[in-house]
Amino acid sequence: MTGKRWAYEDFEEGASLDLGSKRVSAEEIVEFASEFDFQPMHLDEEAGRNSILGGLSASGWHTCAMFMRMLCDAFLLESTCQGAPGVDQVKWARPVLAGDTLTGRCTVLGKRLSRSRPQLGFVSLRAELFNQRGERVFELENTAMFLTRAGAGA
Amino acid sequence: MTLDDYLQIGVTVTLGSHTFDPEAIKAFARKYDPQPFHVDEEAARNSVLGGLCASGWHTASAWMKCNLSARAPEGRWDGPGAEPQFGPSPGFRNLKWLKPVYAGETVTYTRTALGHRPLASRPGWRLLTLKAEGFDSTGDKVIEFDCAVLVKAQ
């Protein structure tokens, strides 16, 4: 655990972390949807165009999964993260369409140390993903657990 | 048949089960959530979770799979007007991962439709709210969330 770049202390309230970028291909939209969300607008370009989403669009669950990968690559894998008990809310604000390029940021809303485990802290985050036109397509709020530097070294 | 009957308002419906094989857990996590406790048995044993377990996004996505499999078959509608049609979802709230889903575990999912209201922004569409839950083989709840879906209906 030692040597991780991100421990509880490193998250500053109000800080904004860049989530990088991710191009969404038609193939991966169809691959995810075939297994978990096999509705026509996630499987077929024409069905997507004829739906209110306006094109072949990623399952909202796929967008959650792609967001998770962006979060992992941005900082989570290099952190003392101990998981999250859940997600307060997710908004699928706009369709994520095949060919879109997503960018994102994660804002630290607040943090506090655990009363029962002083080497563990809770960090509240709001994450947002945008498409190439700068439109917000996804918003998530949750609280994740991170060890302190002392906790990670113990 | 009324729309409430069709949407099974107030009824908890068992949607089916999904078994989380270790290879599928790792395949999902390698793509979307490559934290050590989702991709590597040895690292998982030494982690806070104590063993290989599914990404929370995998557990949630499998609810969607079971949910679609248990939707009313087309042609069941015998009320007035066109058959109601499901559209996209605006998001979810209060998602809780209550217990890790370890490799080999089978989760049985349910949904309870709570109610529906017209959408002022989209004439002809209604917003259906649902409670989603999943239980492991010992009957413990492992996941729950509140979600919503658009339904085209008169």
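Everything here concerns the structure above.
Novice: Just checking my understanding: could you explain the interface of chain A and chain B for this structure?
Specialist: A common way to express how large an interface is: the accessible area buried when the components associate. On the side of chain B, 23 residues touch chain A, which itself brings 26 residues to the contact. Of all elements in the fold, only helix H1 (26–36), helix H4 (60–74) and strand E2 (86–92) of chain A reach the threshold of two or more residues within the side of chain A that touches chain B. With 8 residues, the top contributor of residues to the side of chain A that touches chain B is H4 of chain A. Across the side of chain A that touches chain B, the residue classes break down as 15 nonpolar, 6 polar and 5 charged. Examined bridge by bridge, E2 of chain A and strand E3 (residues 91–97) of chain B share 5 bridges and lie antiparallel to one another. Looking across to E3 of chain B, one finds that Val87 of chain A is bridged to Leu95 of chain B.

Novice: In this structure, what is going on with the nonpolar core? I would like to understand it.
Specialist: Membership of the largest hydrophobic core comes to 72 residues, with the highest contact counts inside it found for Ala65, Phe67, Met68 and Leu71 of chain A together with Trp63 of chain B. In terms of residues, this core owes the most to one element, H4 of chain A, which gives 9 residues. For Leu71 of chain A, the residues in contact, after removing those within four places along its chain, are Leu19, Leu76, Cys106 and Ala127 of chain A.

Novice: Explanation requested: the packing of H4 of chain A against helix H5 (residues 56–69) of chain B in the structure shown.
Specialist: At a closest axis distance of 10 Å, the pairing of H4 of chain A and H5 of chain B adopts a crossing angle of 170°. One way to sum up the angle between H4 of chain A and H5 of chain B is to call them roughly antiparallel. Where H4 of chain A approaches H5 of chain B, its residues Trp61, Cys64, Ala65 and Met68 of chain A are matched on the opposing element by Trp57, Ala60, Ser61 and Met64 of chain B. Among the residues forming the contact of H4 of chain A with H5 of chain B, the class breakdown is 7 nonpolar, 1 polar and no charged.

Novice: Which parts of the structure should I look at to understand unusual backbone geometry?
Specialist: Most peptide bonds take the trans configuration, and most residues that are not glycine carry a negative phi. All names here are of chain B. The backbone of Gln8 shows a phi angle near 55°, a positive value even though the residue is not glycine. For Asn94, which is not glycine, the phi dihedral falls at a positive 55°. With respect to the element layout, Asn94 can be found in strand E3. Overall, Asn94 belongs to the partly exposed group, with 13 C-beta atoms counted inside 10 Å.

Novice: Mind showing me how you'd approach H1 of chain A here?
Specialist: Note that an α-helix has 3.6 residues per turn; residues three or four places apart therefore point the same way. Residues of H1 of chain A that are buried include every one of Ile29, Phe32, Ala33 and Phe36 of chain A, and no others. Along the long axis of H1 of chain A, the arc covered by the buried residues comes to 95°, so they all point the same way. Exposed positions of H1 of chain A whose direction lies more than 90 degrees from the buried face are Glu27 and Ser34 of chain A. Residues of H1 of chain A that are buried sit in contact with helix H2 (40–43) and H4 of chain A together with H5 of chain B.

Novice: Got a minute to help me understand the pairing of strand E5 (residues 136–147) of chain A in this structure?
Specialist: It is a general feature of regular strands that their side chains alternate between the two faces of the sheet. All names here are of chain A. Pairing of E2 with E5 involves 4 bridges; the strand directions are antiparallel. Across the sheet, residue Val90 finds its bridge partner in E5, namely Leu140. Of the strand pairs in this sheet, strand E4 (residues 120–130) and E5 are connected by 11 bridges, and their pairing is antiparallel. Within E5, the position partnered with Ser124 by the bridge is Thr143. In this antiparallel pair of consecutive strands, E4 and E5, the connection spans 5 residues, and Gly134 shows a positive phi of 80°.

Basis of the calculations
- Residues numbered from 1 in each chain as written.
- Chains lettered and ligands numbered in written order.
- Predicted model: local features only at pLDDT ≥ 70, side-chain atom pairs only at ≥ 80, totals over all residues.
- Contact = placed C-beta atoms within 7 Å.
- Helix = DSSP H or I, 4+ residues; strand = E, 2+ residues; numbered from the N terminus.
- Nonpolar A, V, L, I, M, F, W, Y, C, P; charged D, E, K, R; others polar.
- Pairing = 2+ DSSP bridges.
- Core = buried A, V, L, I, M, F, W, Y, C linked by C-beta atoms within 7 Å.
- Buried ≥ 20, exposed ≤ 12 C-beta atoms within 10 Å, placed from the backbone.
- Axes fitted to C-alpha atoms, helices over the stretch in contact; angles between N-to-C directions.
- Parallel < 35°, antiparallel > 145°, perpendicular 65-115°, else oblique.
- Arc of directions from axis to C-beta.

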